[in-house]
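# Analysis of the macromolecular model
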Amino acid sequence: MSTDTLPATEAAAPAASVPGARNTLRARRRRNALRTLAFMSPWLIGFGFFFAYPLVSTVYFSLMKYDGLNPPEWRGLDNWTYVFTSFPQFWPALQNTLWLCVVMVSCRVVFGLGIGLLITKIKTGAGVFRTLFYLPYLAPPVAATLAFVFLLNPGTGPVNSLLDAVGLPAPAWFNDADWAKPALTVLAVWGIGDLMVIFMAALLDVPKEQYEAAELDGANAWQRFRHITLPNISPIILFALVTGVIGAMQYYTQPIVAAKVASGKMGGSGETFVPGYPDDSTLTLPQLVHNLGFSQFNYGAACVIALVLFAFSMAFTALLMRRRGGLIGSGD
């Protein structure tokens, strides 16, 4: 073999090995992908069974006439048209739900942060006050609602008796359409223990060196709160707002129990109860989902309202995430 052919042979050797290297690289990537998929499989299975499948099924049944007994029949957008144009309780329930998302959630966050600040400043007896403020949160929702309905009873309740004694007007609370949602807000604020604990943990985690430096610069209490406390706990405030909105979108037990007790119709055997007393003021979208689906067996319309709830929850969450700086403020 001549020496002239050696360079060509040696040059061809690396070229011949390129396909093998590529196959090895593909095999390595495939193994890594399978390994990653194996580690993610518990989450993927849970996501598929408990989120993706129910969501797709809800969309499917929202386009069907289905009563849970007979096979579903295609109806297109008839259920959507019925809910938005012909179902009279939808718009009051939507307004009440949005009111609770804005007012009730805001009050819970403000009072939870305020109580957390107060307890972190107390030098003696902080444990006692922390326990007293946290205990209402442990009360079962039905029991707490029953207690509040009796406390706010317009005729015999101690709250109105006290208001009469000091010469203040005594509202009808759960028996008045104008006061029913504020009464539910008071109930929600009473059980503020969960947010109090979360805010206390966040407040105690704020570096004390920043407060000391601000005091040396002559910053007053409000300036320290605005420029040090708020920026440091802003992720916790955002968490409280997002979870509060999601909880308000699912608000069901307290308003329906309050409406039943205040109206004197507990919905026993042979008795039909229409939610929303008084005058649809305590009606929420989750109540409509339950009423349409399990009382009227109109699963198509119930799925429409469930999708509306999902859309509003996603929209509120996206808005809060995008407007975080404007809602909470910056430390500049």
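The following paragraphs examine the structure supplied in this document. (Residues numbered from 1 in each chain as written. Predicted model: local features only at pLDDT ≥ 70, side-chain atom pairs only at ≥ 80, totals over all residues. Heavy atoms only, no water.)

### A word on the overall build of the protein
A count of helical and extended segments in the protein gives 14 helices and 2 strands. Residues counted as buried form 33% of the 332 residues belonging to the protein. By sequence separation, contacts in the protein at least 24 residues apart represent 68% of the contacts at least 6 residues apart. When the accessible surface of the protein is summed, it comes to about 19,700 Å², and 65% of that surface belongs to carbon and sulfur atoms. (Helix = DSSP H or I, 4+ residues; strand = E, 2+ residues; numbered from the N terminus. Buried < 20%, exposed > 50% of the residue type's maximum accessible area, 1.4 Å probe, protein only. Contact = heavy atoms within 4.5 Å. Areas by Shrake-Rupley, 256 points an atom, 1.4 Å probe, with all protein chains shown as cover.)

### Regarding the pattern of salt bridges
Per the counting criterion, the structure on display carries 2 salt bridges. In this structure, glutamate 73 and arginine 75 form a salt bridge, with 3.1 Å as the shortest nitrogen-oxygen distance. Residue class for glutamate 73 comes out partly exposed when judged on its relative accessible area of 41%. According to the relative accessible area criterion, arginine 75 is partly exposed, its value standing at 31%. With its nearest N and O atoms 3.1 Å apart, the salt bridge here joins aspartate 194 to arginine 108. Within this pair, whereas aspartate 194 is found in helix H8 (residues 193-204), its partner arginine 108 is found in helix H3 (residues 90-121), the two being separated by 86 residues in sequence. According to the relative accessible area criterion, arginine 108 is buried, its value standing at 17%. (Salt bridge = Lys/Arg side-chain N within 4 Å of Asp/Glu carboxyl O.)

### Examining the packing of aromatic side chains
A complete count under the given rule lists 16 aromatic pairs for this structure. Seen in terms of ring centroids, tyrosine 66 and tyrosine 299 are 5.7 Å apart; in terms of plane orientation they differ by 40°. Their pairing is tilted. Highlighted residues: tyrosine 66 in the loop between strand E1 (64-65) and strand E2 (73-74) and tyrosine 299 in helix H13 (residues 299-322), separated in sequence by 233 residues. Tyrosine 66 sits in the partly exposed class, given a relative accessible area of 23%. The cationic tip of lysine 121 hangs over the ring face of tyrosine 211; the distance from NZ or CZ to the ring centre is 5.9 Å. Between the NZ or CZ atom of lysine 181 and the centre of the ring of tryptophan 99, over which it lies, the distance is 5.8 Å. (Phe/Tyr/Trp six-rings, centres within 6.5 Å; stacked < 30°, edge-to-face > 60°. Lys NZ or Arg CZ within 6 Å of the ring centre and 35° of its normal.)

### Examining the layout of surface pockets
As a volume, the largest pocket reaches approximately 600 Å³. Forming the boundary of the largest pocket are 25 residues, of which Arg108, Tyr137, Gly191, Asp194 and Gln254 lie nearest the centre. Looking at the lining of the largest pocket, the elements that each hand over two or more residues are H3, helix H4 (126-138), helix H5 (141-151), helix H7 (180-190), H8 and helix H10 (221-249). The element that contributes the greatest number of residues to the lining of the largest pocket is H10, accounting for 6 residues. Here the residues of the lining of the largest pocket sort into 17 nonpolar, 6 polar and 2 charged. (1 Å grid on protein atoms, 1.4 Å probe; cavity = no way out; pocket = protein on both sides within 12 Å on 5 of 7 lines; lining within 4 Å. Points joined across faces, edges and corners; volume = space filled by probe spheres on them. Nonpolar A, V, L, I, M, F, W, Y, C, P; charged D, E, K, R; others polar.)

These values are about where atoms sit, not about what they do.
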